[in-house]
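Now for the letters of each chain:
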Amino acid sequence: MTDSDDLPDFIVVGSGAGGGPLAANLAEAGFSVLLIEAGSDHRCPYYDVPIMQARASEDPDMRWDFFVRHYADDARQRRDSKFVPDRDGVLYPRGATLGGSTAISALVTIYPHNSDWDDLAALTGNPDWSADAMRARFQRVEAWRGRDPDPDHPARPGDASRHGFDGWLKVTRANPALASREPWFLDVINAIEAESRATYGTPDEVVLPNDPNDWRFVSERREGMAFIPVSVDDGRRNGARERILAAQRAHPDRLRIRYDALVSRVIIEKGRAVGVACLDGAHLYGADPGANHAHGPGAPLEFRCRREVILAGGAYNTPQLLKLSGIGPRQELENLGIPVLLDRPGVGANLQDRYEIGVVHRTVHDYPVFEGAVLDVPGRDGIGDPLYSEWAADRGGPYSTNGSLASFIARSSVAGAEPDLIVFALPVDFHGYFPGYSAESALKHDQLTFVVLKAHTRNRAGTVTLNSTDPRDPPQIRFAYFDEGSEGGDDDLQAVVEGIGIARRIAARLDGMIAEEIIPGPKADDPEALRQFVRDEAWGHHASCTCAIGAEDDPMAVLDGDFRLRGIDGLRVVDASVFPRIPGIFIASAVYMISERASDVIIGQYSERGGTENA
Ligand SMILES: Cc1cc2nc3c(=O)[nH]c(=O)nc-3n(C[C@H](O)[C@H](O)[C@H](O)COP(=O)(O)OP(=O)(O)OC[C@H]3O[C@@H](n4cnc5c(N)ncnc54)[C@H](O)[C@@H]3O)c2cc1C
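Residues numbered from 1 in each chain as written. Predicted model: local features only at pLDDT ≥ 70, side-chain atom pairs only at ≥ 80, totals over all residues. Heavy atoms only, no water.

A.B. asks: Lay out the overall build of the protein chain with the relevant residues and their values.
C.D. replies: A count of helical and extended segments in the protein chain gives 16 helices and 25 strands. Taking 615 residues into account, the globule formula puts the C-alpha radius of gyration at 25 Å, and the protein chain, at 23 Å, falls close to it. Sorting the 615 residues of the protein chain into buried and exposed places 63% on the buried side. Of the accessible surface of the protein chain, which amounts to about 22300 Å², a share of 49% is contributed by carbon and sulfur atoms. On the protein chain, the mean spot of the 64 positive side-chain charges and the mean spot of the 93 negative ones are 3 Å from each other. (Helix = DSSP H or I, 4+ residues; strand = E, 2+ residues; numbered from the N terminus. Rg over C-alpha atoms; globule rule 2.2 N^0.38 Å. Buried < 20%, exposed > 50% of the residue type's maximum accessible area, 1.4 Å probe, protein only. Areas by Shrake-Rupley, 256 points an atom, 1.4 Å probe, with all protein chains shown as cover. Lys, Arg positive; Asp, Glu negative; His and termini not counted. Charge placed at Lys NZ, Arg CZ, Asp CG, Glu CD.)

Here it is as structure tokens:
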């Protein structure tokens, strides 16, 4: 692409929660956009069928496998039952396909906390980051299709719930009628409700579960039982992929997508980003399970643009790309012989994540509803299991859900202003990511897990550093968990332990159903053993904050409040890396929201300069 008339206005690298909606918005606003994605557009039942979300995360055509260290100390790291010695780390899947990680996510769409945005407004001095302004962006994204739990307060446009109804992301909750298909599902839901009422003294006339995305629940920082909103459209997954494809159908001339191209470097001339260098080819990246089948090293290719390059490769790949382009900590770049264009020590620093733990039980017998179910796509005969056939007939039944039954949102004794724990029930074994975890989990029909997630963790000492100058070589990812990392590790540990306490109290209400707690089990009955279990087995999957927005005088700041890379013109980052602190309880909704804000900022900036040629 050398003819300057033919250059796109913008190049967006990565089609996930950050890059996908941004590319679509820019194209709709009249700009020409080249969206470059290392993966392909892969659609299969694992993508579509919500219950198969775990299978999706192990689909070799949609994922990259990173192996990360929680601890630098070898002996501590090896205590994790999920540690894979050959790979020197713990599996950490990421989406590498159209839609990025939203193509393989568990679909949970829970609104962030208001303090996440108000803190950014204070940090940047820009009220456009305020919780109120950001809520309008969520409303623009969301198309709420769920049933309101409280018939006296029906969710309608303009009402106090402040849901969005006309956005592009269809969000719903599992049809409550489905719970009655399995008496044990009802028992679990009732146990969570009973625990919530007992904890908060909620009278019977107050309807539960709460809607965690209702503006009143969010702004009043409420706690208690909540249903799990999911990005499901009439029984099917939807996410960044659908947003991109819809915009491309409407504007094929303005939104071009280049698949199977691994961006290797940003091209910077005279202090300005003017394009990107790529390696052309499928499965080139070392984290790609098909990397051994790649045809050669990838043909070098360059793309240039007229206005800006926007990186949205996610919290691991965006810092990798910046460093390969000469932007990062001087010492690290010099050690690898990379010419330093800009010494930015914050690139790849400040890596954050949740702490998660699964409390897994064996039930006294298999769930009757799962009889004959394989939680998989049809085999060669083309005939799926009965629940798959039910889903295929009208996109209904248990496979139209992501499997979560209900949740309990709470504040630990060490929480800040916002609730910092969610505990939710899954009728399967889920105790973290390890190779083959999804197939192993599908085999057992007598498991019940309460997953505990810690929000607003204090672990900020993680790093993403280059292993080599080869763009196909995944970076080294080190988290520095708990006491190995930042101050406050003990508080994080305490909160997770309290989350396990909530899970155990709910489980205690399920006497006739639960045979035994398997994980952590009786070996972790005393408090110190329980803490050790959490240190050993905790994991995360909301990696973020590696190219953080920060003040001008903050040496660790990478971006300004409008996503611009401090020190280089024409270069922005719009993905999970931009947060100074990990937002909310789940992260995808927050990334969608920053993508909307980036769209407003960029469209506003270039429209002010005389409008767009194509608009
Ligand atoms: C298994 C799993 C389950 C999850 N479940 C949930 C959930 O239920 N709820 C929730 O809120 N969050 C969930 N998340 C997290 C959430 O999906 C991510 O945090 C979010 O998608 C991050 O958005 P992003 O834009 O930063 O990156 P991503 O969505 O990961 O997108 C990055 C894209 O960039 C592409 N890319 C990277 N490098 C290059 C390169 N050099 N050249 C070209 N392309 C490149 C990648 O292929 C990818 O498509 C889950 C994540 C995983 C992995």
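A.B. asks: Outline the nonpolar core, listing residues and values.
C.D. replies: Core analysis: the biggest nonpolar cluster contains 110 residues, and Y316, Y399, F450 and V534 have the highest contact counts within it. With 9 residues, the top contributor of residues to this core is helix 14 (residues 489-508). In contact with V534, other than residues within four places in its own chain, are I357, F482, L493, V496, V497 and I500. (Core = buried A, V, L, I, M, F, W, Y, C linked by side-chain atoms within 4.5 Å. Contact = heavy atoms within 4.5 Å.)

A.B. asks: Could you give an account of the pattern of salt bridges, with specific residues and numbers?
C.D. replies: Oppositely charged side chains may form a pair once their charged atoms are brought near each other. Enumeration over the complete set of coordinates arrives at 49 salt bridges. One salt bridge in this structure joins D9 and R306, with 3.2 Å as the shortest N-O distance. With D9 in the segment before strand 1 (10-13) and R306 in the loop between strand 14 (299-304) and strand 15 (308-311), this residue pair connects regions lying 297 residues apart in the sequence. Here D9 falls in the buried class, since its relative accessible area comes to 2%. D600 is the partner of R140 in a salt bridge, and the nearest nitrogen-oxygen pair spans 2.9 Å. Of the two residues, R140 sits in helix 6 (residues 131-141) while D600 sits in helix 16 (residues 588-608), which places them 460 residues apart along the sequence. Among the charged side chains, a network of salt bridges with common partners joins D128, R137, R140, D560, D562, R564, E596, R597 and D600. (Salt bridge = Lys/Arg side-chain N within 4 Å of Asp/Glu carboxyl O.)

A.B. asks: Describe the sheet that holds strand 14, listing the residues and the values that go with them.
C.D. replies: If you trace the 3 strands from one edge of the open sheet to the other, you get 12-13-14, paired in antiparallel fashion. Each of the sheet's edge strands pairs with one partner strand only, and the pair in question is strand 12 (261-269) and strand 14. Neighbouring strand axes in the sheet, compared pairwise and without regard to direction, differ in orientation by 25° on average. Relative to strand 14, strand 13 (residues 272-280) runs antiparallel, the two sharing 6 bridges. The residue of strand 14 that forms the bridge with L279 is P300. (Pairing = 2+ DSSP bridges. Axes fitted to C-alpha atoms, helices over the stretch in contact; angles between N-to-C directions.)

A.B. asks: Tell me about the sheet that holds strand 20 (residues 421-426), residues and numbers included.
C.D. replies: Taken together, the 6 strands give an open sheet; going across it, the order is 8-19-20-21-18-24, and neighbouring strands pair in antiparallel fashion. Of all the strands in the sheet, just strand 8 (224-226) and strand 24 (514-519) have a single pairing partner and so form its edges. Strand-to-strand twist in this sheet, taken as the mean axis angle between neighbours without regard to direction, amounts to 25°. Where strand 18 (residues 355-363) meets strand 24, 4 bridges bridge the pair, whose relative direction is antiparallel.

A.B. asks: Residue-level account of the confidence of the model for the protein chain, with values.
C.D. replies: Scored by pLDDT, the protein chain comes out at a mean of 95, with 96% of its residues at no less than 70. Considering each helix and strand of the protein chain separately, the mean pLDDT is smallest for helix 13 (residues 437-443), with a value of 94, and largest for strand 1, with 99. This stretch, residues 611-615, has a pLDDT under 50; its non-local contacts, to residues over four places away or in other chains, come to 13 contacts. (pLDDT = per-residue confidence, 0-100.)

A.B. asks: So what about the site of the ligand? Which residues, and what values?
C.D. replies: Taken together, 41 residues sit near the ligand, with G18, E37, S101, V108 and A588 positioned nearest. In the model, a nitrogen atom of the ligand is placed 3.1 Å from a nitrogen or oxygen of the A38 main chain. Contact between the ligand and A106: a nitrogen atom at 2.9 Å from a main-chain N or O atom of the residue. Across the shell around the ligand, the residue classes tally to 22 nonpolar, 16 polar and 3 charged. (Near = heavy atom within 4 Å. Polar contact = N/O pair within 3.5 Å; in protein donor to acceptor, adjacent residues only side chain to side chain. Nonpolar A, V, L, I, M, F, W, Y, C, P; charged D, E, K, R; others polar.)

A.B. asks: Outline the packing of helix 1 (residues 19-28) against helix 9 (residues 240-250), supporting the account with residue identities and numerical values.
C.D. replies: Put simply, helix 1 and helix 9 touch, their axes get as near as 8 Å, and they point 20° apart. Of the possible angle classes, the one that applies to helix 1 and helix 9 is roughly parallel. Considering how the two elements wind past one another, helix 1 and helix 9 form a crossing that is left-handed. The residues of helix 9 that touch helix 1, namely those facing G20, P21, A24, N25 and E28, are A240, R243, I244 and A247. (Parallel < 35°, antiparallel > 145°, perpendicular 65-115°, else oblique. Left-handed = near helix turned anticlockwise from the far one by under 90°.)

A.B. asks: Which residues make up the environment of P127, and what values go with them?
C.D. replies: Note on placement: P127 falls in the loop between helix 5 (114-124) and helix 6. Once the C-alpha coordinates of P127 and W117 are considered, the two residues, 10 residues apart in sequence, prove to be 9.4 Å apart. The residues contacting P127, other than those within four sequence positions of it, are A121 and A133.

A.B. asks: So what about the UniProt feature "domain: Glucose-methanol-choline oxidoreductase N-terminal" (unreviewed entry) in the protein chain? Which residues, and what values?
C.D. replies: Sites flagged by UniProt as "domain: Glucose-methanol-choline oxidoreductase N-terminal" (unreviewed entry) map to residues 314-328. Helix makes up 73% of residues 314-328 and strand 13%, with an end-to-end C-alpha separation of 16 Å. (UniProt positions renumbered as here; feature names shortened; annotations may be inferred.)

A.B. asks: Give me the lowdown on the packing of aromatic side chains, citing residues and values where you can.
C.D. replies: Tallied over the full model, the rule gives 32 aromatic pairs. The interplanar angle of 5° and the centroid separation of 5.9 Å between the aromatic rings of W144 and F227 together place this pair among those described as stacked. A residue pair is termed long-range when its members are at least 10 positions apart, and W144 in strand 6 (residues 142-144) and F227 in the loop between strand 8 and strand 9 (232-233) qualify at 83 residues. With respect to burial, W144 and F227 carry one shared label: buried. Relative to Y437, the ring of F430 has its centre 5.9 Å away and its plane inclined at 50°; by these criteria the two rings are tilted. Per residue, the accessibility class of F430 equals that of Y437, and both read buried. Feature note: the residues W64, F66, Y71, Y92, Y285, Y316, Y355, F479, Y481 and F482 constitute an aromatic cluster, connected by ring pairs. Sitting over the ring of Y111, R135 keeps its end group 4.4 Å from the ring centre. The positively charged end of R237 is found above the aromatic ring belonging to Y47, 5.4 Å away from the centroid. (Phe/Tyr/Trp six-rings, centres within 6.5 Å; stacked < 30°, edge-to-face > 60°. Lys NZ or Arg CZ within 6 Å of the ring centre and 35° of its normal.)

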